[in-house]
Amino acid sequence: MGLCCSAWEPLGFALIVKSKSLGKREQELRLQSQRADSQHALCFVPLAGHIASGLICHPDNKHLLYPLGCTVVIQDLASKKQTFLQGHTNNVSCVVVSSSGNYVASGQVTFMGFKADIILWDFQKKELLARLSLHKGKIEGLAFSPNDLYLVSLGGRDDGSVVVWDVPRREAVCGSPASARSAGNVTIVQCSACRDEMFVTAGVETIRVWELDLPNRKLRPTECQTGQLRRVITSLKIADDDNYFYVGTSTGDVLKVNTRNKLMTDFGPQKKFSLGVTALLLLKTGDVIVGTGGGTVALCKGSNYKVMKNIQVQGGVTSLTRRGQGHQFFVGTNTCQIYRVNYTAFKEELITTCHKEAVHDIVFPSGTSDLFATCSKDDIRVWHTPENRELLRIVIPNMTCYAIEFMRDGKSIISAWNDGKIRAFMPESGREKYVINNAHSLGVTAIAATNDCKRILSGGGEGQVRLWAIGEKTQKLEVVLKEHISAVSCIKIKKNDKECVTASLDGTCIIWDIGRFTRKQMILANTLFKCVCYHPGEYQLITSGTDRRIGYWEVYDGSAIRDLEGSLSGSINGMDITSDGAHFVTGGDDHLVKMWDYNEGTVTHIGAGHSGNITRLKICPGKKYIVSVSADGAILLWKYPAVPNTGTGAAAS
C-alpha cells in the first residue's frame, strides 16, 4: 500500500490516491480509505485516560478496547495489531462490550442542546450496525444486559435520563429520569450479571436498582438505603451471582449493597483510600481490587476490606479490567498509561504510554530515522522506532513545551517553553545542560539551531526573533529582531547559516540576513502563517496557515509563484519537504495527512486516521517514515509511500 500504517504507529488508515484536484473526489477517497483500511491498521495509540472505565478487555481475552478522540481502538494483545471504529462526530465519552463479545457500543459528547449519538458496532466485522439518538449533550454511561437483549444508556448532566434500547430491533423500549429531584447527578450505570431486566445506577448521593417492566414499557426504580452515610459514587461493580454489588466513593471507601433488599451490608476500610476509589474489579475468589485517584491499586479481602497487597502506578486509576478468570488484569490511568498486572505476583508492567495532552512538535536527529522526539505539556519524550518504545522522558511539571530541536552535533536537545525559557538537555540522560531565562516575555514559541551548533534562533509570543550565541559554558544574546507583531510560529535556517525565514501569526513571513542582522524580504498574506519550508535548493519557499492555502514564493524577491488550495476545511498546521524537493507533506485541522508533488502541485496520497487536529508532521531522514502528531495526544507513524522520482526541479513561475 502507499501511505500505509506501520507496526508501531499510534493510529492510522491510508489509501494511495492519484488525484488532480481537491473537492468531492477527496471526500470520496477519504471515506474509501476508512472503509478499506480501518480493519487492517497496525499501530500504537494512546489511551484517552480521563474516561472512566474506558479500558476494556474483550471476553475473548485477546483484545483490548479503548477510546481516543472520536475513535474506538481495538488492539490485539498478541500481535499489537490495531483496528479502528470511526463514526462519531465528536469525542467518545464511554465504551462498553457485551458479555458475549459480539457487540460494542460507544457514546459521545456533543454541543449543548444537540443530540449525542450512541453507535452499536459488530465486533467481528468491525462494522457500524446502528446509530441510536435520544440523549442530548453527552452519553454518560452504557451497559449491555447479560444476554445482549438490551442496552442501557445514561445521559449526562444536561440530559438526566436513562433509556433502555432493544438491541435486536435497534429501537428504544422506554426511558425515565435517572434520579429523584432531591438526589444529585447520576454518572454510572451497570447491568445485572444474570437478569436482563435489572440494572443499577449511581451518582451523587444516589444508588438505585431498576427493574424493567417490559409489558407496560416502564422502568421501576428502588432507592438503596445507606443509613447515615452520604457519598458521591465514583465506581460500581455487580457480583457475578447478582446477590451483591459494590460501589466506590470519592471519600475513599467501598460500600457493599444487597441487591434483593437494597440495604448496605458493610463498608470499609477504616483507613480510607487517598483521592477516592475511582475503579473496582471483582474476582472469582470474592476479593476486590481497588483503584484510587492517588494511583494505588490494592487487593482487599474480607468485610473490612483489609489491604493485602498494593502497587503504585503513575497517575490516577480510571480503569480496571479483568482478563479471563482474573489471573491477569489491566490498569488504565489518567496519564494515558496502560499497565498489565499479574494477580499472583501482583507486579505491574507498563505496556503502553503516550502524551496525555496535545503534542506540539516532532523532530528527528540529523541523519537517523531510528529516533525522534516529541513535546507536549509537562514533558519531552524520545522514541525508538525499531523497538516501538519510549527511550527517554524529560519532565518539567506544569510547563508546556512548544518546540524542540536536536542540535546537529547530537550533543543536546534544545526546547522552547511557555514560561519564557529555553532549556537544553542531554539527549541520552535527559539531564539539564543549560537554561536561558527570560528568553521571551510571552513564552518561547519557535526555535531553531544553526548547522555549526554555535547559535540558536528563538521566536516568542510577543513577535520578537532573538539570536543567541552558545558557548561551552555561556549563552549570550547577540541581537533582537523586531518586525513581527504577533507570535512567531516557525523558524527555518539555510544550510549556510547566513539566512533564515520566520513565519508569524501576524500574516507575515520575513527572510532575515543573520550575518548582518537585517530584513531581506517580507511576504504578506491574509492568513495566520503556521508553517514555512525552504525548498532544498533554497531559492523557493512554501508556506501555509489558517487560510487553507499553500503558497510558493521566491526567496530572492519574495514574489508569489503559485497558490494552491491545501485543505477543504480548517487550518494547515504542519508541513515538511523531502530532501530531494520532489514531494512535500501537509497536515492540519481536517485530520488528513496529504502528500503533494512539488512541481505539479497535486495531491498524490492521502492518509486518514487522526481523530484530532494535526499539529506537526515530519518526513524522517532516508524517507522511511512520515510521523504526524495531533492535539489529542496521538503520534502516527506512516510508511513512506513508493513514488516515482519526478526530479528535483523547483516550481515554474
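On a predicted model such as this, the values are computed, not experimentally measured, just so you know.

Cut-off values and rules
Residues numbered from 1 in each chain as written. Predicted model: local features only at pLDDT ≥ 70, side-chain atom pairs only at ≥ 80, totals over all residues. Heavy atoms only, no water. Helix = DSSP H or I, 4+ residues; strand = E, 2+ residues; numbered from the N terminus. Contact = heavy atoms within 4.5 Å. Areas by Shrake-Rupley, 256 points an atom, 1.4 Å probe, with all protein chains shown as cover. Lys, Arg positive; Asp, Glu negative; His and termini not counted. Charge placed at Lys NZ, Arg CZ, Asp CG, Glu CD. Salt bridge = Lys/Arg side-chain N within 4 Å of Asp/Glu carboxyl O. Buried < 20%, exposed > 50% of the residue type's maximum accessible area, 1.4 Å probe, protein only. Core = buried A, V, L, I, M, F, W, Y, C linked by side-chain atoms within 4.5 Å. Pairing = 2+ DSSP bridges. Axes fitted to C-alpha atoms, helices over the stretch in contact; angles between N-to-C directions. Phe/Tyr/Trp six-rings, centres within 6.5 Å; stacked < 30°, edge-to-face > 60°. Lys NZ or Arg CZ within 6 Å of the ring centre and 35° of its normal. Disulfide = S-S within 2.5 Å. Polar contact = N/O pair within 3.5 Å; in protein donor to acceptor, adjacent residues only side chain to side chain. UniProt positions renumbered as here; feature names shortened; annotations may be inferred.

## Considerations on the overall build of the protein
Logical step 1: Scanning the protein from terminus to terminus reveals one helix and 55 strands.
Logical step 2: Once the C-alpha set of the protein is aligned to its principal axes, its extents read approximately 85 × 55 × 45 Å.
Logical step 3: At a minimum sequence separation of 6, the contacts of the protein that also span at least 24 residues come to 45%.
Logical step 4: For the protein, the computed accessible surface area is about 26,000 Å², with 47% contributed by carbon and sulfur atoms.
Logical step 5: Counting 74 positive and 63 negative side-chain charges, the protein places the centres of these two groups 3 Å from one another.

## A few points about the pattern of salt bridges
Logical step 1: Per the stated rule, a full pass over the model turns up 24 salt bridges.
Logical step 2: Note that Asp419 and Arg423 form a salt bridge whose closest N and O atoms lie 2.8 Å from each other.
Logical step 3: A relative accessible area of 7% places Arg423 in the buried class.
Logical step 4: The closest approach of N and O atoms between Arg549 and Asp563, which form a salt bridge, is 2.8 Å.

## Description of the nonpolar core
Logical step 1: Residues Leu55, Leu64, Phe330, Ile338, Val585, Val593 and Ile626 are the most contacted members of the largest nonpolar core, which totals 22 residues.
Logical step 2: For Val585, the residues in contact, after removing those within four places along its chain, are Gly574, Met575, Asp576, Lys594, Met595, Leu617, Ile619 and Ile626.
Logical step 3: Counting 17 residues, the second-largest nonpolar core is a separate cluster that includes Ile542, Phe584, Tyr598 and Val603.

## Considerations on the sheet that holds strand 21 (residues 264–268)
Logical step 1: Read across the open sheet, the four strands follow the order 18-19-20-21; overall the sheet is antiparallel. Looking along the sheet, the strands with just one partner apiece sit at the ends: strand 18 (233–238) and strand 21. Pairwise comparison of adjacent strand axes, ignoring direction, gives a mean angle of 20° for this sheet.
Logical step 2: Where strand 18 and strand 19 (residues 244–249) come together, five bridges link them in antiparallel fashion. When the sheet's bridge partners are listed, Ile238 is paired in strand 19 with Phe245.

## Digging into the packing of aromatic side chains
Logical step 1: Tallied over the entire structure, the rule returns nine aromatic pairs.
Logical step 2: Their ring planes at 5° and their centres at 5.7 Å tell us that Phe199 and Trp210 sit as a pair that is stacked. With Phe199 in strand 15 (residues 198–203) and Trp210 in strand 16 (residues 206–213), this pair connects stretches of sequence that are eleven residues apart.
Logical step 3: Grouped by ring-pair contacts, the aromatic residues Tyr552, Phe584, Trp596 and Tyr598 constitute a single cluster.
Logical step 4: For the cation-ring pair, Lys256 lies above Tyr244, with the distance from its terminal atom to the ring centre recorded as 4.2 Å.
Logical step 5: Taking the ring centre of Tyr552 as reference, the NZ or CZ of Arg562 above it sits at 4.9 Å.

## What to know about the environment of Ile362
Logical step 1: Within the element layout of this structure, Ile362 appears in strand 30 (residues 361–363).
Logical step 2: Along the primary structure Ile362 and Val382 are separated by 20 residues, whereas in three dimensions their C-alpha atoms are 9.7 Å apart.
Logical step 3: In this structure Ile362 touches Phe372, Ala373, Thr374, Arg616, Leu617, Lys618, Val627 and Val629, once residues within four positions along its chain are discounted.

## Focus: the state of the cysteines
Disulfides are covalent bonds that link the sulfur atoms of two cysteine residues.
Logical step 1: Scanning all chains against the criterion turns up zero disulfides.
Logical step 2: Take Cys354: it sits in no disulfide, and the sulfur closest to it among the cysteines is that of Cys336, at 7.1 Å.

## Comments concerning the sheet that holds strand 16
Logical step 1: One open sheet accounts for four strands, arranged 14-15-16-17; its pairing is antiparallel. Two strands in the sheet have a free side with no partner beyond their single neighbour: strand 14 (186–191) and strand 17 (218–223). Averaged over all pairs of adjacent strands, the angle between their axes in this sheet comes to 25°, without regard to strand direction.
Logical step 2: Relative to strand 16, strand 15 runs antiparallel, the two sharing six bridges. Each residue of the ladder has a partner; that of Gly203, found in strand 16, is Thr206.

## Looking at the side chain of Thr586
Logical step 1: Relative to the helices and strands, Thr586 resides in strand 50 (residues 583–588).
Logical step 2: Here Trp596 takes part through its side chain, which lies 3.0 Å from a polar atom of the side chain of Thr586.
Logical step 3: Ignoring anything within four residues of it in the chain, the contact list for Thr586 reads Ile550, Ile572, Gly574, Met575, Leu592, Val593, Lys594, Trp596 and Leu617.

## With respect to unusual backbone geometry
Logical step 1: Residue Pro269 is bonded to the preceding Gly268 through a cis peptide linkage, with omega at 0°.
Logical step 2: Inspection of the secondary structure assignment puts Pro269 in the loop between strand 21 and strand 22 (277–282).
Logical step 3: With a phi close to 60°, Phe517 is a non-glycine residue in the positive phi region.
Logical step 4: Within the secondary structure, Phe517 is located in the loop between strand 43 (508–513) and strand 44 (518–524).
Logical step 5: For Phe517, a relative accessible area of 34% corresponds to the partly exposed category.
Logical step 6: For Lys623, which is not glycine, the phi torsion reads 55° and is therefore positive.
Logical step 7: Turning to its location among the elements, Lys623 is positioned in the loop between strand 53 (614–619) and strand 54 (625–630).

## Topic: the pairing of strand 54
Logical step 1: Here strand 54 lies mainly inside the structure; six of its six residues are buried.
Logical step 2: A two-sided burial pattern is seen for strand 54, the buried positions comprising Tyr625, Val627 and Val629 on one face and Ile626, Ser628 and Ser630 on the other.
Logical step 3: Here five bridges tie strand 53 to strand 54, and the two strands are oriented antiparallel to one another. Within strand 54, the position partnered with Ile614 by the bridge is Ser630.
Logical step 4: In this sheet, strand 55 (residues 635–639) lies alongside strand 54 in antiparallel orientation, the contact comprising five bridges. Each bridged residue has a counterpart across the sheet, and for Val629 the counterpart in strand 55 is Ile635.
Logical step 5: Connecting strand 54 to the antiparallel partner strand 55 that follows it, the hairpin turn spans four residues, and Gly633 within it adopts a positive phi of roughly 90°.

## Some remarks on the pairing of strand 25 (residues 306–312)
Logical step 1: The sheet contact formed by strand 24 (residues 296–301) and strand 25 spans six bridges and is antiparallel. Bridging across to strand 25, Ala298 finds its partner in Asn310.
Logical step 2: In this structure, the hairpin formed by strand 24 and strand 25 is closed by a connection of four residues, where Gly302 is found at a positive phi of approximately 80°.

## Side note on the UniProt feature "domain: EML-like first beta-propeller" (unreviewed entry) in the protein
Logical step 1: The UniProt record annotates "domain: EML-like first beta-propeller" (unreviewed entry) at residues 81–339.
Logical step 2: Secondary structure across residues 81–339 divides into 0% helix and 57% strand, with the first and last C-alpha atoms of the span separated by 18 Å.

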